[in-house]
Amino acid sequence: MSTLTARPSLTKTRPAYDGHTGAMLRDALEVLGIVHHVDQPWRGLPTEYLVCSVPGRARVWIHCVADPSARTPEGRRFADHYDLPTVALWAVAATVTDDESTRFVFNGFGDEHKPTASAGMQAGQCAAAVADHFGLTVPEPEYTCLHCAHVIEWVEADGQGAWHDSSNWIGCVDGESLHTPEPLCGWCEDYGLIEVFDDSTDALKGHTTCDNAPCVARRIMRSDQAERERQAAAHECTGPLCCPPVLGLMATPPLRRVRAGRVETGRGH
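**Comments concerning the environment of Leu29**
Structurally, the position occupied by Leu29 is in helix α1 (residues 21–31). For Leu29, a relative accessible area of 1% puts it in the buried group. Counting along the chain gives 98 residues from Leu29 to Ala127, while the straight-line C-alpha distance between them is 5.4 Å.

Right, dumping it as structure tokens:
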């Protein structure tokens, strides 16, 4: 489970309903299990970063670039900060500095130095890019029943499956319904799309991609993971240098045994 800590002098992250990028980024990092904290590397500047860390790896620093045309109620420009108002966001960026170089892990700017997506979409894309940089996989989500709020899990047997209470494998306690998992994303109900209706007629106009940051992060990570598995399944090994054996699974060298005056070879155990 990821954690977020902050020094007492740092600004507290605003809540999700307040329309700021900090909660979006934190939620997206949280669902991918990325450990992160807040840091202010230069005491003389107001910029604060979300710092993501994995043992043995260089830290990734996330911040949000403010739109130079946006202004505070007092008429001042916004300073770059991880927790900007979404209306003042220009782009989300994540960088890493290691023995090789300083480079982007995620860059929310497009080719024309303009934002590539909405704030929620960028936050989810950034979290997925950080997880991919660290080589993390999507953690299994915890589902709760829509009826009884118990933690449930999917159990398969003989080619069929059902949702069961994780603690005792009983049915839904309401006595009338089967366990039904509550959607992980309350915006799109895990479909990845949100219906768009006409304001005047309520007619369905079409669909738009869900840009809830945790949903975006999960969607990208699952897609990338499925693609890697597909490529691995389709790969044909061309030799020992192509796919070296995994340490511990390497075959032991042949043993030479002398029996009845002749040499025999065989594999060790």
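**Describing the pairing of strand β10 (residues 204–209)**
Pairing of strand β9 (residues 193–197) with β10 involves 5 bridges; the strand directions are antiparallel. Its bridge partner being in β10, Phe197 is matched across the sheet by Leu204. As consecutive antiparallel partners, β9 and β10 are separated by 6 residues, and within that stretch Asp202 has a phi angle of approximately 60°, a positive value.

**Regarding the sheet that holds strand β1 (residues 36–39)**
Read from one edge to the other, the open sheet built from 5 strands follows the order β1-β2-β3-β4-β5, with strand pairing classed as antiparallel. Each edge of the open sheet carries a strand with a single partner, namely β1 and β5 (102–107). Neighbouring strand axes in the sheet, compared pairwise and without regard to direction, differ in orientation by 30° on average. Relative to β5, strand β4 (residues 89–97) runs antiparallel, the two being bridged by 5 bridges. Note on β5: the bridge partner recorded for Ala94 is Phe106.

**Remarks on the packing of α1 against helix α3 (residues 213–234)**
Angle between the axes and distance between the axes are the two parameters that describe a pair of packed helices. Interhelical geometry of α1 versus α3 gives an angle of 35° and a closest axis separation of 8 Å. Of the two possible hands of crossing, α1 and α3 adopt the one that is right-handed. On the side of α1, the interface is formed by Met24, Asp27, Ala28 and Val31, while α3 contributes Ala213, Pro214, Ala217 and Arg218.

**Observations concerning the sheet that holds strand β7 (residues 151–157)**
Two pairing modes exist for strands in a sheet, parallel and antiparallel, and in both the strands are linked by backbone hydrogen bonds. Taken together, the 3 strands give an open sheet; going across it, the order is β6-β7-β8, and neighbouring strands pair in antiparallel fashion. The open sheet has two edge strands with one neighbour each: β6 (143–144) and β8 (160–165). Both β7 and β8 contribute to a ladder of 6 bridges, which runs antiparallel. By the bridge assignment for β8, Glu156 is matched with Gly161.

**Re the pattern of salt bridges**
A side chain with one charge can pair with a side chain of the opposite charge if their charged atoms come near. Counting across every chain of the model gives 2 salt bridges. Between Arg103 and Asp98 there is a salt bridge, with its nearest N and O atoms 2.7 Å apart. Exposure remark for Arg103: the relative accessible area of 27% places this residue in the partly exposed category. The exposure class of Asp98 is partly exposed, given its relative accessible area of 27%. Between Arg230 and Glu227 there is a salt bridge, and its shortest N-O distance comes to 2.7 Å. Here Arg230 and its partner Glu227 are both found in helix α3, 3 residues apart, which amounts to about one turn of the helix. Under the relative-accessibility criterion, Glu227 is labelled partly exposed at 32%.

**Some points on the confidence of the model for the chain**
Predicted confidence across the chain gives a mean pLDDT of 77, with 76% of residues reaching 70 or more. For residues 1–10, every residue scores under 50 in pLDDT, and the model assigns this stretch 28 contacts once sequence neighbours within four places are set aside. Long-range and interchain partners of residues 246–269, a stretch whose pLDDT sits below 50, account for 21 contacts in this model, where long-range means more than four residues apart.

**Overview of the nonpolar core**
Counting residues in hydrophobic clusters, the biggest one holds 33 residues, and the most contacted among them are Cys52, Val60, Ile62, Val92, Ala94 and Val130. Elements represented by at least two residues in this core include exactly α1, β2 (49–52), β3 (60–66), β4, β5, α2 (119–134) and α3. Per-element accounting of this core gives the leading share, 9 residues, to α2. With residues up to four places along the chain from it excluded, the contact list for Cys52 reads Leu29, Ile34, Val35, His36, Arg59, Val60, Ile62, Val130 and Phe134.

**Side note on the packing of α1 against α2**
With their axes 9 Å apart at the nearest point, α1 and α2 run at an angle of 35° to one another. Crossing handedness for the pair α1 and α2: right-handed. Contact residues: Thr21, Met24, Leu25, Ala28 and Leu29 in α1; Ala119, Gly120, Ala123, Gly124 and Ala127 in α2. Partitioning the contact of α1 with α2 into residue classes produces 7 nonpolar, 3 polar and no charged.

The rules behind these values
Residues numbered from 1 in each chain as written. Predicted model: local features only at pLDDT ≥ 70, side-chain atom pairs only at ≥ 80, totals over all residues. Heavy atoms only, no water. Helix = DSSP H or I, 4+ residues; strand = E, 2+ residues; numbered from the N terminus. Buried < 20%, exposed > 50% of the residue type's maximum accessible area, 1.4 Å probe, protein only. Pairing = 2+ DSSP bridges. Axes fitted to C-alpha atoms, helices over the stretch in contact; angles between N-to-C directions. Left-handed = near helix turned anticlockwise from the far one by under 90°. Contact = heavy atoms within 4.5 Å. Salt bridge = Lys/Arg side-chain N within 4 Å of Asp/Glu carboxyl O. pLDDT = per-residue confidence, 0-100. Core = buried A, V, L, I, M, F, W, Y, C linked by side-chain atoms within 4.5 Å. Nonpolar A, V, L, I, M, F, W, Y, C, P; charged D, E, K, R; others polar.

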